[in-house]
Amino acid sequence: MVEAVLIDLFSLAAQQQSNIQGLLRNTLETIEKCSSIPAPFIYVMCCQRQGSERNGEEESLLPALRDFQSLKTRLEVVHSLTLAAALYTIKQRLDEKDLSIIKVILPALRKDLMKVYIGHLFTAVYQFEFEDLQVASDCENLQRAEAWNEEQALPMQDVALIRSEIQMYLESLPSLKGELTILRSSLIPGDIFLHGFTTRTGGISYIPTLSSCNLFSSAKRRDPQVVVKENLRRLANAAGFNPETFHRVKTDHANAVCIMGKTEPDSYDGIVTNLRGVTIAAPGADCIPMLFADPVRKACGAAHSGWKGTLLGVSMATVNAMVSEYGCNVKDILVVLGPSVGPCCYKLPHESAKEFHKIDPTCVRQFDSACPYIDIRRATRILLESGGILPENIQDDSVTDQNQNITLCTACHPDKFYSHFRDGTNFGTQIGFISIKD
């Protein structure tokens, strides 16, 4: 069942005003007649001409709109200078209402173009159907349309122009939820390494659980890659690294490690490099983003460690990769655990908790309960120390000076961090990043 209808009048020239009104009236009549009750939400996209009054343009459509009182409260005219701006505005309206099934009614010649815009600005959460801008011959056209599953057919230069338009628009948007903030560790020497852990502020992601500096996109979330790329661009500008030489782990909640410059595995939760100017990163939204630095051999690493990765030993797998690939001495390697869910909040079923109890009983609280509290940070420290990392070379939530503590609980600080545990499936992601300075 269609939840929202987008009517694309964006390409029609102002001198075609009578034609626009006729097309709009016919389209709205079909929607009004054929939709279930209540009617779907309707968004009319129009081009706002340079120097024109937005209210004046909207007034020109009133003759076509005033006869549709039943649709009035669910209909909005969106004027924008660019199609990217119009679609992004409508995407915000759809996300506010949690709508996902959308019909686009548009001139037939614009279908391939529209598909490219949609492919960049939306994710697989949304389902799009297309219909030519004309009087529908019967009601079934509104209820049942062929879903979009074709390949875009625009020339590559046109696709590049669309990408540029989208990028320019997103770059123009103001940052949300305050300034971009980066947490840094005093353990990692700043004269050799550039590093940090992100928080949730200073990006452009607007969906509450993703707002605002979300740094991960997937088919299951509403933040598209272009928004995450813009958030990353702003982070790179603030931190001082090149986003074009940025590499993050491909998480699998396991213990594989990627060696930069060698064949990249299909998935991996650790990554190491000794290349200067290359920034590597690991995500975290309860799982631990970990950074590794060897100031002697000038090598670094990053790892993503959830409860499964912790038990599988991803932290020491990353250390061992630095030792074997770059000749690092384990006693020189510094390890910093970033913001992650703490033992104050994190629970696991008893069967999983038993594995942490085997590492050390202090890793589990209320062990006899059905879902004990788990301290994956302490388990990580114990495993690192057992592997030869010096206790003083590990920074976690055990630091005595709380002003130096960056291993904060993600679930306890909704103003600072994303949390899968707290926010559910449509959660945002922060990262830990590190590079060797040129």
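Per an unreviewed UniProt entry, the chain is named Purine nucleoside phosphorylase LACC1, and its organism is Nycticryphes semicollaris. Quoted straight from UniProt, the Subunit (unreviewed entry) entry for the chain says "Interacts with FASN. Interacts with SDHA. Interacts with ATF6, EIF2AK3 and ERN1."

1. Remarks on the state of the cysteines
The final tally for this structure, using the stated rule, is 0 disulfides. Of all cysteine sulfurs in the structure, the one in cysteine 412 sits closest to cysteine 345, which takes part in no disulfide; the separation is 3.4 Å.

2. Some thoughts on the pairing of strand β4 (residues 101-106)
Within β4, 6 of the 6 residues are buried, leaving the element largely enclosed by the surrounding structure. Along β4, one buried face is formed by Ile101, Lys103 and Ile105 and the opposite face, lined by Ile102, Val104 and Leu106, is buried too. Alignment of strand β1 (residues 4-8) against β4, held across 4 bridges, turns out to be parallel. Across the sheet, leucine 6 pairs through a bridge with valine 104, a residue of β4.

3. Considering unusual backbone geometry
Trans is the prevailing form of peptide bonds, just as negative phi is the prevailing case for residues other than glycine. Omega for the bond connecting serine 211 with serine 212 falls within 30 degrees of zero, at 5°, which places this linkage in the cis form. Counting through the fold element by element, serine 212 comes out in the loop between β7 (193-198) and α7 (225-239). Even without being glycine, lysine 298 reaches a positive phi, approximately 55°. Using a relative accessible area of 32% as the deciding quantity, one classes lysine 298 as partly exposed.

4. A closer look at the packing of helix α4 (residues 111-121) against helix α6 (residues 156-172)
Running from N to C, α4 and α6 point in directions that differ by 45°, and their axes come no closer than 10 Å. The pairing of α4 with α6 is recorded here as oblique in orientation. Crossing geometry of α4 relative to α6 is assigned as right-handed. Counted together, Leu113, Val116, Tyr117, His120 and Leu121 of α4 and Val159, Ile162, Arg163, Glu165 and Ile166 of α6 form the full contact between these two elements. Class assignment of the residues belonging to the contact of α4 with α6 gives a composition of 7 nonpolar, 1 polar and 2 charged.

5. Re the sheet that holds strand β9 (residues 257-259)
Taken together, 6 strands build an open sheet; the order of strands is β9-β10-β13-β12-β14-β17 and the sheet is mixed. The two strands at the open ends of the sheet, each matched to only one other strand, are β9 and β17 (394-395). Two elements, strand β14 (residues 334-337) and β17, share 2 bridges in a ladder whose sense is parallel. For valine 335, the partnering residue across the bridge sits in β17 and is isoleucine 394. Along the sheet face, helix α9 (residues 314-326) touches β9, β10 (270-273), β12 (288-294) and β13 (299-305) and points at about 160° away from the line of β13.

6. Some details on the nonpolar core
If you look at the biggest cluster of nonpolar residues, it comprises 42 residues, and the most contacted ones within it are Tyr88, Val104, Met114 and Leu170. Going through the elements one at a time, β1, β2 (41-47), α3 (83-96), β4, α4, β5 (127-132), α6 and α7 are the ones with two or more residues in this core. For this core, the element with the most residues is α3, which contributes 8 residues. Built from parts of two domains, this core gets at least three residues from each of domain 1 (4-50 + 59-135 + 153-171) and domain 2 (178-436). Listed in part, the 36 residues of the second largest apolar core include Val272, Val319, Val364 and Ile374.

7. Focus: the packing of aromatic side chains
Tallying each qualifying case throughout the model produces 7 aromatic pairs. Arranged with centres 5.9 Å apart and planes meeting at 70°, the rings of tyrosine 88 and tyrosine 169 form a pair that is edge-to-face. Of this pair, tyrosine 88 sits in helix α3 while tyrosine 169 sits in helix α6, and the two are 81 residues apart along the sequence. Neither residue differs from the other here; tyrosine 88 and tyrosine 169 are each classed as buried. Centre to centre, the rings of phenylalanine 122 and tyrosine 126 are 4.9 Å apart; their planes meet at 85°, and the pair counts as edge-to-face. Tyrosine 126 shares its class with phenylalanine 122; the two are buried. Joined through ring pairs, the aromatic side chains of Tyr88, Tyr169 and Tyr206 make up one cluster. The positively charged end of lysine 97 is found above the aromatic ring belonging to phenylalanine 41, 5.0 Å away from the centroid.

8. Re the pattern of salt bridges
Scanning the model with the defined rule gives 19 salt bridges in all. Between lysine 250 and glutamate 264 there is a salt bridge, with the nearest N and O atoms lying 3.3 Å from each other. Of this pair, lysine 250 sits in the loop between β8 (246-248) and β9 while glutamate 264 sits in the loop between β9 and β10, placing them 14 residues apart in sequence. Close ionic contact of aspartate 396 with arginine 381 constitutes a salt bridge, the shortest N to O distance being 2.7 Å. Taken together, the residues span a long stretch of sequence, with aspartate 396 in the loop between β17 and α12 (420-423) and arginine 381 in helix α11 (residues 376-386) at a distance of 15 residues. For the pair shown, aspartate 396 and arginine 381 are each scored as buried. Through salt bridges with shared partners, a single ionic network connects Lys91, Asp95, Asp98 and Arg222.

9. Brief notes about the packing of α3 against α6
What describes two packed helices is the angle between their axes and the distance between those same axes. At a minimum axis distance of 9 Å, the contact between α3 and α6 shows a crossing angle of 60°. Between α3 and α6, the angle is such that the two are oblique. Between α3 and α6 the crossing geometry is right-handed. Touching Leu83, Ala84, Ala85, Tyr88 and Thr89 of α3 are Glu165, Ile166, Tyr169 and Leu170, all from α6.

10. Considerations on the side chain of aspartate 396
The buried category is assigned to aspartate 396, whose relative accessible area is 3%. A polar contact of 2.4 Å, which involves the side chain of aspartate 396, links it to the side chain of serine 398. For aspartate 396, the residues in contact, after removing those within four places along its chain, are Leu337, Arg381, Asn405 and Thr407.

11. A few points about the confidence of the model for the chain
Summing up the model confidence of the chain, the mean pLDDT is 90 and the portion of residues at 70 or higher is 89%. Across residues 135-150 the pLDDT falls below 50, and counting only partners more than four positions away or on other chains, this stretch makes 32 contacts in the model.

Rules of the game
- Along each chain, residues carry numbers from 1 onward, in the same order as the chain's sequence is written.
- Only residues with pLDDT of at least 70 are given local features in this predicted model, and only at 80 or more are side-chain atom pairs given and counted; all residues enter the totals for whole chains, interfaces and linings.
- The side-chain figures draw on all heavy atoms in the structure; neither hydrogens nor water molecules are used.
- UniProt positions are given in the numbering used here, feature names are shortened, and annotations may be inferred rather than shown by experiment.
- Here, the term disulfide refers to a pair of cysteine sulfur atoms separated by no more than 2.5 Å.
- For each residue, the accessible area found with a 1.4 Å probe, counting protein chains only, is set against the maximum for its type, and the residue is called buried under 20%, exposed over 50%, and partly exposed in between.
- Numbering goes from the N terminus for both helices and strands, where a helix is a DSSP run of H or I of at least four residues and a strand is a run of E of at least two.
- Being paired, for any two strands, means DSSP has found at least two bridges between them.
- Here an axis means a line fitted to C-alpha atoms, over the contact stretch when the element is a helix, while the angle between two N-to-C directions is reported on a 0 to 180 degree scale.
- An angle below 35 degrees is treated as roughly parallel, one above 145 as roughly antiparallel, one from 65 to 115 as roughly perpendicular, and anything else as oblique.
- Working rule for handedness: look at the near helix, and if it is turned counterclockwise from the far one by less than a right angle, call the crossing left-handed; if clockwise, right-handed.
- By definition in these notes, contact holds between two residues if any of their heavy atoms fall within 4.5 Å.
- Any residue that is not Ala, Val, Leu, Ile, Met, Phe, Trp, Tyr, Cys, Pro, Asp, Glu, Lys or Arg is counted as polar, Gly included; the first ten are nonpolar and the last four charged.
- The nonpolar core is taken to be a set of buried Ala, Val, Leu, Ile, Met, Phe, Trp, Tyr and Cys residues, with the residues joined through side-chain atoms within 4.5 Å.
- Reported domain spans reflect what an automatic or database domain assignment gives.
- Two rings from Phe, Tyr or Trp (for Trp, the six-membered ring) form a pair when their centres are within 6.5 Å of each other. A pair whose planes differ by under 30 degrees is stacked, one over 60 is edge-to-face, and the rest are tilted.
- Geometrically, a charge over a ring is one whose NZ (Lys) or CZ (Arg) sits within 6 Å of the ring centre while staying within 35 degrees of the ring normal.
- By definition, a salt bridge exists where a carboxyl oxygen of Asp or Glu is found within 4 Å of a side-chain nitrogen of Lys or Arg.
- Two N or O atoms count as a polar contact when they lie within 3.5 Å, although within protein this holds only if one can serve as hydrogen donor and the other as acceptor, and sequence-adjacent residues are included solely when both atoms are side-chain atoms.
- Per-residue confidence from the predictor is given as pLDDT, running between 0 and 100.

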